[in-house]
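# What the coordinates show
Now for the letters of each chain:
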2 protein chains.
Amino acid sequence: MTVAKRKEKHKEDLRGKILQSARELFMDRGFEHTSIRNIAEKIDYSPTTIYLYFKDKDDIFYALHQEGFIILNQYFKSLGLVEDPFERLKAISRAYIQFAIENGEYYDLMFIVRSPMNALDKESNEWTEGDNAFNFLVATIQECIDKGYFQGMHTEILSFTVWAMVHGIVSLEIRNRCKVVSALNQENLAFKANNMVIEILERMHNKK
Amino acid sequence: MTVAKRKEKHKEDLRGKILQSARELFMDRGFEHTSIRNIAEKIDYSPTTIYLYFKDKDDIFYALHQEGFIILNQYFKSLGLVEDPFERLKAISRAYIQFAIENGEYYDLMFIVRSPMNALDKESNEWTEGDNAFNFLVATIQECIDKGYFQGMHTEILSFTVWAMVHGIVSLEIRNRCKVVSALNQENLAFKANNMVIEILERMHNKK
DNA sequence: CTTGTTAACTTAACACCGTTAAGTAAATCG
DNA sequence: CGATTTACTTAACGGTGTTAAGTTAACAAG
């Protein structure tokens, strides 16, 4: 059935084209200014065709949100090679900030915007992409604890807190709340704050 | 000119009614599900009347966002009385989280949603409400530093980082990204993470 | 007391939005 | 060849923010 396969391929192609169109639009206009009608127009199909390939708008942006995690994992990939868990932890936080700064719109979709989360099974607490990225952090922090860092602290809650630190930095930046910091420091504020996070984690340990 | 005053009063009244209508709607449906038409209908005026009292939708939500800061300041008010700066710092972080949990929709508007920031002068870096709240934190951290805490750290960047920590916790919660933390810990996660932040700040100091 | 003006508000419309029901035209199958 | 399925579109529903033009009532001046 080569003919059936060709059809299958074609369907895949169109799904891919929709996704690419959506990706291009949201990359330079942001999520809020990308509509189904825009996406359809860009690939010369009617808006309703989109609905043959995606359940709804949330579903499209869930797919892009998944892409975002693939990109984030590329930033994380080589960090598995860092043997010392505390060094790895520092590297993770830097890679996270780097990813966020270089892929602001993806970051927005992955960790701020509500839309893609609506595509997840309501009530079910599964969020595979998030889980995977978070578990890398949890494992690293567990190794730190095993080596004597963060003594007596709860691994998972500490992991969440460390994540919250870097997420806080990035999301204040993305949503334009950094005006409160005096103008001079606004450049590279995210990186400076990230260094501060690392400094805090280091001091916690060194001074025991 | 008592007659002119009465008119003035009436105008004030309607502006207030619009705001109250907007407030009530967004408090139980959230910002994303509150429209100008909803607001108008609730007070039995046509949608276009709104535009006689507010420049646009962003302008309305900027007003509500300002209200949010008044409420936040009430949470902060008594904390000025805490003499020890480090204790005050801890209390600020707790009050901040408390405010966020009890006023989720306001928090969203104040620190996450883009809309109210659009009402600010573009290019100008002024954000008075944010400045005032942030300066309270900066002053407290400066006092901490004067007392020997956080030695050698940059006051403003540390302040921003501490803010980012608590904001990170709250915004991950509000935008539903806490699924990654195992079910048992999801209750009071924000408070647990906040305690972790406090623990981190304490350890930094105590172990010198 | 009438006229002209202004203030407060509405109607109607524009240009969008996500989404669905119904229809069409071509390809495939029996 | 006729029936059915596939892939897509047209038209529509009920919403959105916003603006131009129109109405109606209150007021001021002659």
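Residues numbered from 1 in each chain as written. Chains lettered and ligands numbered in written order. Predicted model: local features only at pLDDT ≥ 70, side-chain atom pairs only at ≥ 80, totals over all residues. Heavy atoms only, no water.

## Re the packing of aromatic side chains
Two measures describe an aromatic ring pair: the distance that separates the ring centres and the angle between the ring planes. All names here are of chain A. Tallied over the entire structure, the rule returns 34 aromatic pairs over all chains. A ring pair is formed by Phe26 and Phe61, whose centres lie 6.2 Å apart and whose planes are at 80 degrees; its orientation type is edge-to-face. Residue Phe26 is located in helix α1 (residues 2-29), and its partner Phe61 is located in helix α4 (residues 57-77); the two are separated by 35 residues in the primary sequence. For the pair Phe26 and Phe61, a shared accessibility class is recorded, and that class is buried. On the basis of an interplanar angle of 75 degrees and a centroid distance of 5.5 Å, the ring pair of Tyr75 and Phe99 is categorised as edge-to-face. Here Tyr75 is found in helix α4, whereas its partner Phe99 is found in helix α5 (residues 85-102), with 24 residues between them in sequence. Using a relative accessible area of 0% as the deciding quantity, one classes Phe99 as buried. Members of the aromatic cluster, connected to one another through ring pairs, are Phe69, Tyr96, Tyr107, Phe111, Trp127, Phe134, Phe160 and Trp163. Stacked on the ring of Phe31, the Lys or Arg Lys57 has its end atom at 5.0 Å from the ring centre. (Phe/Tyr/Trp six-rings, centres within 6.5 Å; stacked < 30°, edge-to-face > 60°. Helix = DSSP H or I, 4+ residues; strand = E, 2+ residues; numbered from the N terminus. Buried < 20%, exposed > 50% of the residue type's maximum accessible area, 1.4 Å probe, protein only. Lys NZ or Arg CZ within 6 Å of the ring centre and 35° of its normal.)

## Brief notes about the relation of the copies chain A and chain B
Of the two same-sequence chains, chain A is brought onto chain B (RMSD 0.1 Å, axial shift 0.0 Å) by a rotation of 180 degrees. Such values leave the two copies arranged in the relation of a two-fold axis. Comparing interface residues between copies, 100% of those in chain A also sit at the interface in chain B, which points to an isologous, same-surface contact. (Least-squares fit on C-alpha atoms with pLDDT ≥ 70 in both. Contact = heavy atoms within 4.5 Å.)

## Quick notes on the interface of chain A and chain B
Frequently, the measure chosen for interface size is the accessible area removed from exposure when the parts meet. At the interface, 58 residues of chain A touch 58 residues of chain B. Overall, the association of chain A and chain B removes approximately 5,200 Å² of surface from exposure, summing both partners, and the carbon and sulfur fraction of that is 64%. Considering only the surface of chain A that becomes buried against chain B, A:Arg114, A:Arg177 and A:Val180 emerge as the three largest contributors, covering 16% of it. Counting across the interface, chain A meets chain B through four salt bridges. A salt bridge links B:Arg114 to A:Asp108; the shortest N-O distance between them is 3.6 Å. In this assembly, chain A and chain B are joined by 18 residue pairs in polar contact (both at pLDDT 80 or more). Within the residue set of the side of chain A that touches chain B, elements represented by two or more residues are α6 (104-111), α7 (115-118), α8 (128-146), α9 (155-174), α10 (183-186) and α11 (189-206) of chain A. In terms of residue count, α9(A) provides more of the side of chain A that touches chain B than any other element does, 14 residues in total. (Buried area = accessible area lost by both parts, 1.4 Å probe. Salt bridge = Lys/Arg side-chain N within 4 Å of Asp/Glu carboxyl O. Polar contact = N/O pair within 3.5 Å; in protein donor to acceptor, adjacent residues only side chain to side chain.)

## Remarks on the side chain of A:His65
Residues and elements named next belong to chain A. Structurally, His65 can be placed in helix α4. His65 sits in the buried class, given a relative accessible area of 0%. With residues up to four places along the chain from it excluded, the contact list for His65 reads Leu109, Met110, Pro116, Met117, Trp127 and Glu129.

## Looking at the side chain of A:Thr140
Residues and elements named next belong to chain A. Within the fold, Thr140 resides in helix α8. Looking at Thr140, the relative accessible area reads 0%, which means it is buried. Of the polar contacts made by the side chain of Thr140, one reaches the side chain of Arg88; its length is 3.3 Å. Once you skip the residues sitting within four places of it in the chain, Thr140 turns out to touch Pro85, Arg88, Leu89 and Ile92.

## Focus on the protein's contact with DNA strand D
Taken together, 20 residues lie near DNA strand D, and A:Thr49, A:Tyr53, B:Ser35, B:Arg37 and B:Thr48 sit nearest. A share of 53% of the atoms of DNA strand D within 4 Å of the protein falls on sugar and phosphate groups. Between a base oxygen of DNA strand D and a side-chain N or O atom of A:Thr48, the distance comes to 3.3 Å. Note that a phosphate oxygen of DNA strand D is positioned 2.6 Å from one of the side-chain N or O atoms of A:Tyr53. (Near = heavy atom within 4 Å.)

## Topic: the nonpolar core
A:Phe150, A:Phe160, A:Trp163, B:Phe150, B:Phe160 and B:Trp163 are the most contacted members of the largest nonpolar core, which totals 152 residues. In this structure A:Trp163 touches A:Tyr96, A:Phe111, A:Trp127, A:Phe134, A:Leu137, B:Leu172, B:Arg177 and B:Val180, once residues within four positions along its chain are discounted. (Core = buried A, V, L, I, M, F, W, Y, C linked by side-chain atoms within 4.5 Å.)

## A short note on the protein's contact with DNA strand C
Every one of the 21 residues lining DNA strand C counts as a neighbour, but A:Ser35, A:Arg37, A:Thr48, B:Thr49 and B:Tyr53 are closest to it. A distance of 2.3 Å separates a base nitrogen of DNA strand C from a polar atom in the side chain of A:Arg37. Separating a phosphate oxygen of DNA strand C from a backbone N or O atom of B:Ser46 is a distance of 2.9 Å. Within the residue set of the surface near DNA strand C, elements represented by two or more residues are α2 (36-42) and α3 (47-53) of chain A together with α1 (2-29) and α3 (47-50) of chain B. A per-element tally of the surface near DNA strand C places α1(B) first, with four residues. Along the lines of polarity and charge, the residues of the surface near DNA strand C split into seven nonpolar, eight polar and six charged. (Nonpolar A, V, L, I, M, F, W, Y, C, P; charged D, E, K, R; others polar.)

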